[in-house]
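# Observations on the three-dimensional arrangement
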Amino acid sequence: MTTTNPTAPAAPLAPPDPERIAQTVATRLPFRGEMTALSALAGDASNRRYFRIALKGTPSALILMQLADPEGFKKSEEAVSGASAQIAELPFTNVLTHLQRTGVTVPTLHYFDREAGLLYLEDFGDLTLAEACRHADRARLEALYRQAIDQLALLQVKGTTPPAPGCIAFHRRFDVPLLMWEFDHFLEYGITARVGQPMKPADDAAVRAAFQRIAELLAGQPQVFVHRDYHSRNLMVDGSRMGIIDFQDALMGPATYDLASLLKDAYIELDDAVVDALVEHFLDRLAGLGVKVGDRAVFRRLFDLTSIQRNLKAAGRFVYIDQVKHNPKFLADIPRVLGYVRRNLSKYPELGTLRQHLAPYVAELQSS
């Protein structure tokens, strides 16, 4: 099954007009500022571009988000699933408005220049959670991750109830078709494109049947607000605050999804004991926010299955970004995410068949 339509990469965006930006800063924001410098920032895997605007006074800087297409930037590059929401609004601004009501730390939008496709945002600085933890001792690392989990619990609880029909996230969800699209994305790129040939029919059938069972289990869980990319490079350590960015693809899904994204991260690997403690901390935080927590062992199994799904999808996505977008910088992270999958497949005897049929095509899933 073909899950994507590889095409030539989009033409590079023309740099934004510094004169227009300086004029906007001087006349259109809630405060009057004077731009002193404009510098490009390293981007992510999306088609957006980011810049830092240095200012005189306070605030001393803003983040400028440049959209790839001001008119057409209303759809995620990746598949979404669910009812078509009649919301004629940029997903980023739509979800931002909803999240501002929850108490989580998201950037203030000072101005949206729709004609130019430029958003003037609060600057959380350059220190991601990944970078903050790179040389941190264990106590500091665990404190930062507990803070990230506190934000996640608040995002999940306050972001879900009461429902917000005006937020696009409530009109799309992680249902079986979307979960299977992500599994197929792995098969297409993580195996066929990476290895150079598809699986044999018998292996393909067995693997897809196992993926279908996992997808049905995850889709059958209670639906909560899901960021969809809640990981250490989308969390900014800004002094005592932890800011959340890159939330425009939010949707409804299982409570384990963002937690698996955070704790089984492609960019920073946590010790198993730390993961165990942080899963418990998350459940404690949910209970403190009034959410009834059931059998914790059952939750942990769902967390591990979600991690398998999320990490396989990530591995396929990283190959896709290399082969279609010609950006190889994520390839080095594939062994880490597939290592998580190998350990989780070994943890549950009922997943032995899946591993048996999948491992011959994925070296990282084979016994070390």
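Our subject in this report is the structure included herewith. (Residues numbered from 1 in each chain as written. Predicted model: local features only at pLDDT ≥ 70, side-chain atom pairs only at ≥ 80, totals over all residues. Heavy atoms only, no water.)

## Observations regarding the packing of helix α9 (residues 296–323) against helix α10 (residues 334–347)
Keep this limit in mind: Lines are fitted to the C-alpha atoms to define the axes, a helix being fitted only along its stretch in contact, and any angle between axes, read from their N-to-C directions, falls within 0 to 180 degrees. Comment: elements are numbered from the N terminus, with helices defined as DSSP H or I runs of at least four residues and strands as E runs of at least two. The hand of a helix crossing depends on one turn: near helix anticlockwise from the far one by less than a right angle means left-handed, and clockwise means right-handed. Contacts between residues were defined by any pair of non-hydrogen atoms, one from each residue, lying within 4.5 Å. Under this grouping Gly is polar, as are all residues other than the nonpolar Ala, Val, Leu, Ile, Met, Phe, Trp, Tyr, Cys and Pro and the charged Asp, Glu, Lys and Arg.
Interhelical geometry of α9 versus α10 gives an angle of 150° and a closest axis separation of 9 Å. Relative to α10, α9 is oriented so that their crossing is left-handed. Contacts from Arg300, Asp304, Ser307, Ile308, Asn311, Leu312, Ala315, Phe318 and Val319 in α9 reach Ile334, Val337, Leu338, Tyr340, Val341, Asn344, Leu345 and Lys347 in α10. Per-class residue counts for the contact of α9 with α10 are eleven nonpolar, three polar and three charged.

## A word on unusual backbone geometry
Operational definition: Burial here depends on accessible area, computed with a 1.4 Å probe over protein chains only, as a share of the maximum for the residue type. Under 20% is buried, over 50% is exposed, and the range in between is partly exposed.
Cis geometry marks the peptide bond from Thr58 to Pro59, where omega comes out at -5°. Among the secondary structure elements, Pro59 is positioned in the loop between β2 (49–55) and β3 (61–66). The linkage connecting Thr161 with the following residue, Pro162, adopts the cis geometry, with an omega of 0°. Considering the arrangement of structural elements, one finds Pro162 in the loop between α4 (138–160) and α5 (176–195). Its identity as a non-glycine residue notwithstanding, Arg228 has a phi of 90°, on the positive side. Tracing the backbone through its elements, the reader meets Arg228 in the loop between β6 (224–226) and β7 (235–238). Judged by its relative accessible area of 4%, Arg228 falls in the buried class.

## Focus: the packing of aromatic side chains
Which entries qualify depends on this criterion: Stacked, edge-to-face and tilted labels apply to pairs of Phe, Tyr and Trp rings (six-membered ring for Trp) whose centres lie within 6.5 Å, assigned for plane angles under 30 degrees, over 60, and everything in between, in that order. Only Lys NZ and Arg CZ are tested; either one counts as a charge over a ring when it is within 6 Å of the ring centre and within 35 degrees of the ring normal.
Inspection of the entire model under this criterion finds nine aromatic pairs. Seen from their ring centres, Phe318 and Phe330 are 5.3 Å apart, and the 15° between their planes marks the pair as stacked. Taken together, the residues Phe318 in helix α9 and Phe330 in the loop between α9 and α10 connect sequence positions twelve residues apart. Above the ring of Tyr267, the side-chain terminus of Arg233 is found at 3.7 Å from the ring centroid.

## Some thoughts on the packing of α4 against helix α8 (residues 272–288)
With their axes 9 Å apart at the nearest point, α4 and α8 run at an angle of 35° to one another. Crossing angle aside, the handedness with which α4 passes α8 is right-handed. Contacts from Arg138, Leu141, Glu142, Tyr145, Arg146, Ile149, Asp150, Leu152, Ala153, Gln156 and Val157 of α4 reach α8 at Ala273, Val274, Leu278, His281, Phe282, Arg285 and Leu286. Its residues assigned to classes, the contact of α4 with α8 shows eleven nonpolar, two polar and five charged.

## Considerations on the environment of Glu216
Relative to the helices and strands, Glu216 resides in helix α6 (residues 201–219). By relative accessible area, Glu216 is classed as partly exposed at 43%. Spatially, the C-alpha atom of Glu216 lies 35 Å from that of Leu67, the residues being 149 residues apart in sequence.

## Remarks on the pattern of salt bridges
This is how it is decided: Salt bridge, as used here: a side-chain nitrogen of Lys or Arg that lies within 4 Å of a carboxyl oxygen of Asp or Glu.
Inspection of the entire model under this criterion finds 28 salt bridges. The closest approach of N and O atoms between Arg241 and Asp238, which form a salt bridge, is 2.6 Å. For Asp238, a relative accessible area of 25% translates into the label partly exposed. Connected through shared salt-bridge partners, Arg138, Glu142, Arg146 and Asp271 make up one network.

## Here's the deal with the nonpolar core
Keep this limit in mind: Put simply, buried Ala, Val, Leu, Ile, Met, Phe, Trp, Tyr and Cys residues joined by side-chain atoms within 4.5 Å make one nonpolar core.
Counting residues in hydrophobic clusters, the biggest one holds 103 residues, and the most contacted among them are Tyr145 and Leu263. No other element matches the twelve residues that α9 contributes to this core. In this structure, Leu263 is in contact with Tyr145, Ile149, Leu270, Val275, Leu278, Val279 and Phe303, ignoring residues within four places of it in sequence. Ranked by size, the runner-up nonpolar core spans eleven residues in total, among them Val25, Phe51, Leu55 and Leu64.

## Some remarks on the sheet that holds strand β4 (residues 109–113)
Sheet strands pair via backbone hydrogen bonds, and the direction of the pair is either parallel or antiparallel. Defined as follows: Note on pairing: DSSP must find at least two bridges between two strands before they are called paired.
What the five strands build is an open sheet, ordered β1-β2-β3-β5-β4; its pairing is antiparallel. The outermost strands of the open sheet, each flanked by one partner alone, are β1 (35–41) and β4. Geometrically, the sheet is characterised by an average inter-axis angle of 20° between neighbouring strands, direction not taken into account. Two elements, β4 and strand β5 (residues 118–122), share four bridges in a ladder whose sense is antiparallel. Counterpart to Tyr111 in the pairing with β5 is Tyr120.

## Describing the pairing of β2
By the criterion of burial, β2 is predominantly enclosed, with five of the seven residues buried. Here β1 pairs with β2 via six bridges, running antiparallel. Counterpart to Met35 in the pairing with β2 is Leu55. Between the end of β2 and the start of β3, which pair antiparallel, lie five residues, with Gly57 showing a positive phi angle near 85°.

## Let's talk about α6
Put simply, the rule reads: What a helix should span is 1.5 Å times the count of its residues minus one. Arc definition: it is the arc formed by the directions from the helix axis to the C-beta atoms.
For α6, built from 19 residues, the straight-helix expectation of 27 Å at 1.5 Å per residue is met to within 8% by its first-to-last C-alpha distance of 26 Å. When α6 is considered as a whole, its buried residues turn out to be Asp203, Val207, Ala210, Phe211, Ile214, Ala215, Leu218 and Ala219. An end-on view of α6 places all buried positions within 165° of arc, on one side of the element. More than 90 degrees from the buried face of α6, the exposed residues found are Pro201, Ala202 and Arg213.

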